[in-house]
Amino acid sequence: MSNNKDTVQNFIIEGANCGSCVAKIEKALKSVSGAQRVEMNFADRSVQVEGNASSAELIEAVENIGYKAKPMNSESEQDALDEKAKADNAHYKKLMRNMVLALGVGAPLMLYGLIFDMSVTTNAQRIGWFIVGIVTLVVMAIAGKQFYNGAWQSFKNHTANMDTLIALGTGTAWLYSMVVVIAPSVLPEVARHVYFEASAMIIGLISLGLAFEVKARGRTSEAIKRLIGLQPKTARVVRDNKEQDIAISEVLKNETVRVRPGEKIPVDGEVIEGRSSVDESMLTGEPMPVNKSEGDTIVAGSINKSGTLLFKATHIGSETTLASIINMVKRAQNSKPSIGRLADVISGVFVPTVMIIAVLAGLAWLNFGPEPSIAYAVVAVTTVLIIACPCALGLATPMSIMVGIGKAAESGILIRNGEALQTTSKITTMILDKTGTITEGKPTVTDIINFNGSDKVHVLKLAASLESGSEHPLAQAIVSYAENEDITIEKVSDFNAVTGQGVTGRLNGQTLLFGNEALISQHNISIAEAKEQAEQLASAAKTPMYFAIDTQLQAIIAVADPIKDDSAEAIKRLQKKGIHVVMLTGDNQATAKAVANKVGIKDFIAQVMPDDKASEVTKRQAKGEIVGMTGDGINDAPALAQADVGFAIGTGTDVAIESADITLMRGSLQSLGDAIAVSSATIVNIKQNLFGAFIYNVAGIPIAAGLLYPFFGILLNPVVAGAAMALSSLTVVTNANRLRFFKPSKS
Amino acid sequence: MLMINILGALLIAVIIYWFWLYKPKQVQSNNNKITIVVNNGVYYPAHIKVAADKKVTLTFNRQDSAPCAETVVFPSLDISKTLAMGENNTVELPALKVGEYAFHCQMQMYKGTLVVS
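Since this is a predicted model, take the numbers as computed values, not measurements.

About the criteria used
- Residues numbered from 1 in each chain as written.
- Chains lettered and ligands numbered in written order.
- Predicted model: local features only at pLDDT ≥ 70, side-chain atom pairs only at ≥ 80, totals over all residues.
- Heavy atoms only, no water.
- Salt bridge = Lys/Arg side-chain N within 4 Å of Asp/Glu carboxyl O.
- Helix = DSSP H or I, 4+ residues; strand = E, 2+ residues; numbered from the N terminus.
- Buried < 20%, exposed > 50% of the residue type's maximum accessible area, 1.4 Å probe, protein only.
- Phe/Tyr/Trp six-rings, centres within 6.5 Å; stacked < 30°, edge-to-face > 60°.
- Pairing = 2+ DSSP bridges.
- Axes fitted to C-alpha atoms, helices over the stretch in contact; angles between N-to-C directions.
- Parallel < 35°, antiparallel > 145°, perpendicular 65-115°, else oblique.
- Contact = heavy atoms within 4.5 Å.
- Patch = residues over 30% accessible without salt bridge, like charges linked within 9 Å, V, L, I, M, F, W, Y side chains within 5 Å.
- Areas by Shrake-Rupley, 256 points an atom, 1.4 Å probe, with all protein chains shown as cover.
- pLDDT = per-residue confidence, 0-100.
- Buried area = accessible area lost by both parts, 1.4 Å probe.
- Nonpolar A, V, L, I, M, F, W, Y, C, P; charged D, E, K, R; others polar.
- Expected span 1.5 Å × (residues − 1).
- Bend = angle between axes of the 7 residues up to and from the residue.
- Core = buried A, V, L, I, M, F, W, Y, C linked by side-chain atoms within 4.5 Å.

(A) Up close: the pattern of salt bridges. Residues and elements named next belong to chain A. Inspection of the entire model under this criterion finds 24 salt bridges over all chains. The salt bridge partner of Glu 222 is Arg 740, with a shortest N-O separation of 2.8 Å. Placement of Glu 222 in helix H8 (residues 222-229) and of Arg 740 in the segment after helix H26 (718-738) is noted, with a sequence separation of 518 residues between them. When the shortest N-O distance is used, the salt bridge between Asp 636 and Lys 613 registers 2.9 Å. Within this pair, whereas Asp 636 is found in the loop between strand E24 (627-631) and helix H23 (637-642), its partner Lys 613 is found in helix H22 (residues 610-622), the two being separated by 23 residues in sequence. Classification of Asp 636 by relative accessible area gives buried; the value is 1%. In this structure Lys 613 comes out as buried when scored by relative accessible area, which is 7%.

And the structure:
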């Protein structure tokens, strides 16, 4: 990372105490080769260096003039994760300690209250409760410090949050109790009841809830942790003919790297030597290892299985496929679909609204409540403040998105953002490109039919020799077929490619012709005897081509782009969900029809120019359909962009990650069904969370305010409200975590 | 009783004024760069003036271990950033048009506004 061009590196400088040091340090850093722009900020003793200078040399330059420099924020993602886990753990422990302290005081008090009465009548009781009140205050100050601090700070900033509610709720209960103890005469006798236990219990229960939440939240980012964990810490590079292990950030572009069997590939590269099978499943979800040999690309994070590979580093640091996957998943996990917008608006005005409701509830009790109305009012105010939890509302969407998008990434489905996820769950029409999407995208020879006593091997040798000069994908299919059959290819003279027809050339004094009907009939060669067979081939989604020597037809060679094994099943899966599946192709009607029939698509359009694909999408959208478009991400870019959701399908890691709303790393069309299933499951999960949070707040507040009292005599205990507040956000996070176990069913 | 009711109504008025009607003080950024401290449930400063049509660099210094503080979201810009604890976390924003841009944590506990003028 520290060596690619235009990198920005940040350092903390130690020992710089005077303004004049700045110029000195900047000068020293500028003298390091590769450093282009150096800017030091004296205020926080940090310095930023742009360019491709090595970090080690920069640090050395600073040390040479008597200061110390250490890299800032340059730790690997793994280190950052470890640090976060450590911080989370410390936070968890602190919350648990607070919980023990607060419940340690609150629980015995509550028990006492259940057995005896917490009314204050005698002077002895007053002294006893006064001591209890002070102990409670100390416990609140220690265990609830963060809540009171947060409440005060946000109050000063004219904002209100969960801390505000907790501070107000527990504060009200404590203050009222203290008034009972100190000045009982201001209150009617029946109202002289203390609620110290509520303040302590609420602090304890909410701390417990938060502690569980910290743990549960850690699990929501498991998928990204797994991805980050794929990157090894060191790489073995060949420098000066010697192999050495270096930190991954020190690997240079174009450097030679060695990976041994069982090791993870450290950076993206191109194999220069060796053969091996590489497991890319963590990145692509494709379970089968891929064979790699000279010239093949390999990506960081995949595992080298069988042989040793020597490769040239092509992408390092933040440029690797793995880094861009991590980046995209991270970004997507923090984005929100529109379904969560209402909850956002509500949670934005939530706390002040709850405060107003609490005041209104208190007034209502005072005005209309039975005696002791002041005691009832205090209970109602405290309970309303405590039961309402904006957190559950605010967490409902982001937690599910976090888990859902991470889950998808694990199966090689990269979802750009929450909106794409939400729209995917609503798709009504799915348009599929044929070549490379439904089919493999690699034509192969399927049939060779000989005529006029020709020999198969001989025909293939001549045809492949002739086609070896052509760039056409069909020609390449024939050449590679011949190569697989160990047929040697010879050099052809007078090679001529006739656009849209085929090729001609000369070998051993004979004229060779290979192409479609138009080419053959132009040379007055009879194909009458082969016509019927050619038509049969065409209707079976194959492309028949004629091979002739001089004036005589020798063979029909048919080439077809085979349909992926699971395409038909995957399409059926979509149709079962009620999604209308359409196929678009630039191919001729016969081939299109044959492929469509095989995979069970009734709606198909042949001979579509690439530009017309986008207008086909628009046409469907105009009918009110929500259109998904699946293509290879390169040729189909305009159509992918026009669609409500564009799916770029790729084979393994070749696919352009930034090109579509959803990138399917695995070539199989089954990923499409998986993507829709994961999206739907996530949206359902969000709805459950939102429903839970709404019901909880909408129903909880009136009950807390005492609306049920006139009818059923029910008024909630503030401690119950505290438990409910603690549970609500925990419930949301736990429900979101359920998505981690989601498995898309294949049918 | 009347007094209590009047007090209650006043309290409600204060809540409405303090949290909703009050226009917070805005802090001018220095050359569109500013450091925001995340601590005790708030961003400080929370209301920041920046110049339009110029890149904005915000550095979030997170001192608050509350989980809410972990992510800062700029909903209208579709930008979000996970803030590492105890560190300076830089968020680069593209040049913005005149207007107000809210930013907040995932739960909208921490709130701030960029005032672009």
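(B) Summary view of the packing of aromatic side chains. Evaluated as defined, the whole model comprises 21 aromatic pairs over all chains. A centroid spacing of 4.8 Å and a plane angle of 40° characterise the contact between A:Tyr112 and A:Phe116, whose relative ring orientation is tilted. In this structure A:Tyr112 comes out as partly exposed when scored by relative accessible area, which is 36%. Seen from their ring centres, A:Tyr112 and A:Trp129 are 5.8 Å apart, and the 70° between their planes marks the pair as edge-to-face. A residue pair is termed long-range when its members are at least 10 positions apart, and A:Tyr112 in helix H3 (residues 77-115) and A:Trp129 in helix H4 (residues 123-143) qualify at 17 residues. Following the ring pairs from residue to residue traces out a cluster consisting of A:Trp152, A:Phe155, B:Tyr17, B:Trp18, B:Phe19 and B:Tyr22.

(C) Up close: the sheet that holds strand E2 (residues 33-39) of chain B. Residues and elements named next belong to chain B. Pairing in this open sheet of four strands is mixed, and the strands run E3-E2-E5-E8 from one edge to the other. Because the sheet does not close on itself, it has two edges, and the strands there are strand E3 (42-44) and strand E8 (88-93). Within this sheet the neighbouring strands show an average axis-to-axis angle of 25°, counted without direction.

(D) Representation of the packing of H8(A) against helix H13 (residues 390-410) of chain A in the model. Residues and elements named next belong to chain A. At a closest axis distance of 8 Å, the pairing of H8 and H13 adopts a crossing angle of 40°. In this view, H8 runs oblique relative to H13, as classed from their interaxial angle. Along its contact with H8, which presents Ala 223, Arg 226 and Leu 227, the element H13 presents Gly 406, Lys 407, Ala 409 and Glu 410.

(E) Structural view of a nonpolar patch on the surface. A grouping of A:Leu101, A:Ile127, A:Phe130, A:Ile131, A:Ile134, A:Val135, A:Val138, A:Ile142 and A:Ile182 is seen on the molecular surface, where their side chains present a nonpolar patch of about 760 Å² in accessible area. Of the residues forming the nonpolar patch, the biggest block, seven residues, is contributed by H4(A).

(F) How the structure looks around the confidence of the model for chain A. Across chain A, the average pLDDT comes to 86, with 95% of residues at 70 or higher. In the predicted structure, residues 1-5 of chain A sits below a pLDDT of 50 and forms 24 contacts with residues beyond four places in sequence or in another chain.

(G) Summary view of the sheet that holds strand E10 (residues 290-292) of chain A. Residues and elements named next belong to chain A. Spatially, the three strands line up as an open sheet ordered E10-E9-E12, and their pairing is antiparallel. Edge positions in the sheet fall to E10 and strand E12 (303-304), since each has one partner strand and no second. Two elements, strand E9 (residues 276-279) and E10, share three bridges in a ladder whose sense is antiparallel. Within E10, the residue paired with Val 278 across the bridge is Val 290.

(H) Up close: the interface of chain B and chain A. Contacts between the two partners involve 38 residues from chain B and, on the opposite side, 47 residues from chain A. When chain B packs against chain A, the two sides together hide about 3,700 Å² of surface, and 58% of this comes from carbon and sulfur. The interface formed by chain B and chain A contains zero salt bridges. Elements represented by at least two residues in the side of chain B that touches chain A include exactly helix H1 (2-21), E3, strand E6 (71-74) and strand E7 (79-82) of chain B. For the side of chain B that touches chain A, the element with the highest residue contribution is H1(B), accounting for eleven residues. In terms of residue class, the side of chain B that touches chain A is built from 20 nonpolar, twelve polar and six charged.

(I) Structural context of helix H11 (residues 341-368) of chain A. Over its 28 residues, H11(A) extends 38 Å from the first C-alpha to the last, a length consistent with the 40 Å expected when each residue adds 1.5 Å. Maximum bend of H11(A): about 55°, positioned at A:Phe350, with proline A:Pro352 one to four residues after it.

(J) Structural detail: the nonpolar core. Counting residues in hydrophobic clusters, the biggest one holds 168 residues, and the most contacted among them are B:Tyr43, B:Phe60, B:Phe74 and B:Leu114. Residues A:Val445, A:Ala477, A:Leu507 and A:Val559 belong to the second largest nonpolar core, which totals 24 residues.

(K) Just the pairing of strand E10 (residues 111-116) of chain B, in detail. Residues and elements named next belong to chain B. With respect to burial, E10 is a largely interior element, five of its six residues being buried. As judged from the four bridges shared by strand E4 (residues 47-50) and E10, these two strands associate in the parallel manner. Note on E10: the bridge partner recorded for His 47 is Thr 113. With six bridges joining them, strand E9 (residues 99-105) and E10 adopt antiparallel strand pairing. Within E10, the position partnered with Ala 102 by the bridge is Thr 113. Connecting the antiparallel pair E9 and E10 is a turn made up of five residues, with Gln 108 showing a positive phi of about 60°.

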